Amino acid sequence: MNITDIRMRIMNNDTKMRAVVSITLDDEFVIHDIKVIEGEKGLFIAMPSRKSADGEYRDIAHPIRSEIRAKLQTMILDEYEKEKAVSESEEI
């Protein structure tokens, strides 16, 4: 499985959500609504989720193995830093 495309929408607001991301896997499968969140220990990704009847949020799609999640998070956060730098340079 290869991530062949990352599309990102930077959020310019005062919330902890910094971006919303869509990734394409092997040019064949897309996952939308991955969120980049600013937490107490830094940035992390939150997979797309839905609120269940009991009020809990449950992931709709997620990696099964922790090393795949880490790889995904690294790629998305690296792209976020690039996009953020570009958007900040355009504001100047």
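Placed above this text is the structure.
Just so we're clear, the structure is a prediction, and the values are computed from it rather than from any experiment.

Q: Describe the overall build of the chain, naming the residues involved and giving the relevant values.
A: Summing up its helical and strand segments, the chain has 1 helix and 6 strands in all. In sequence order, the secondary structure elements of the chain are arranged as β-β-β-β-β-β-α. Taken along the three principal axes of its C-alpha coordinates, the chain extends 45 × 30 × 20 Å. Residue burial in the chain is summarised as follows: out of 92 residues, 25% are buried. Partitioning the intrachain contacts of the chain with sequence separation of at least 6 by distance along the chain shows that 29% fall at a separation of at least 24. Surface accessibility of the chain: about 6,700 Å² in total, with carbon and sulfur atoms responsible for 49%. Averaged over its 14 positive side-chain charges, the chain has a centre that lies 5 Å from the centre of its 19 negative ones.

Q: Give a detailed account of the environment of leucine 72, specifying residues and quantitative values.
A: For leucine 72, the position within the fold is in helix α1 (residues 66-91). Given the relative accessible area of 7%, leucine 72 is considered buried. Residues leucine 72 and glutamate 38 lie 34 residues apart in sequence; the distance between their C-alpha atoms is 17 Å. Excluding its chain neighbours within four sequence positions, the residues that come into contact with leucine 72 are Ile3, Ile23, Ile45, Met47 and Pro63.

Q: Before we move on, could you go through the environment of lysine 71 and cite the residues and values that matter?
A: Along the chain, lysine 71 turns up in helix α1. Spatially, the C-alpha atoms of lysine 71 and threonine 24 are 14 Å apart, while their sequence positions differ by 47 residues.

Q: Describe in detail the environment of isoleucine 60, supporting the description with residues and values.
A: Considering the arrangement of structural elements, one finds isoleucine 60 in the loop between β6 (57-59) and α1. Each C-alpha atom of the pair isoleucine 60 and proline 48 lies 5.7 Å from the other, and the pair is 12 residues apart in sequence. For isoleucine 60, the contacting residues outside a window of four places in its chain are Pro48, Ser49 and Arg50.

What counts, and at which threshold
Residues numbered from 1 in each chain as written. Predicted model: local features only at pLDDT ≥ 70, side-chain atom pairs only at ≥ 80, totals over all residues. Heavy atoms only, no water. Helix = DSSP H or I, 4+ residues; strand = E, 2+ residues; numbered from the N terminus. Buried < 20%, exposed > 50% of the residue type's maximum accessible area, 1.4 Å probe, protein only. Contact = heavy atoms within 4.5 Å. Areas by Shrake-Rupley, 256 points an atom, 1.4 Å probe, with all protein chains shown as cover. Lys, Arg positive; Asp, Glu negative; His and termini not counted. Charge placed at Lys NZ, Arg CZ, Asp CG, Glu CD.

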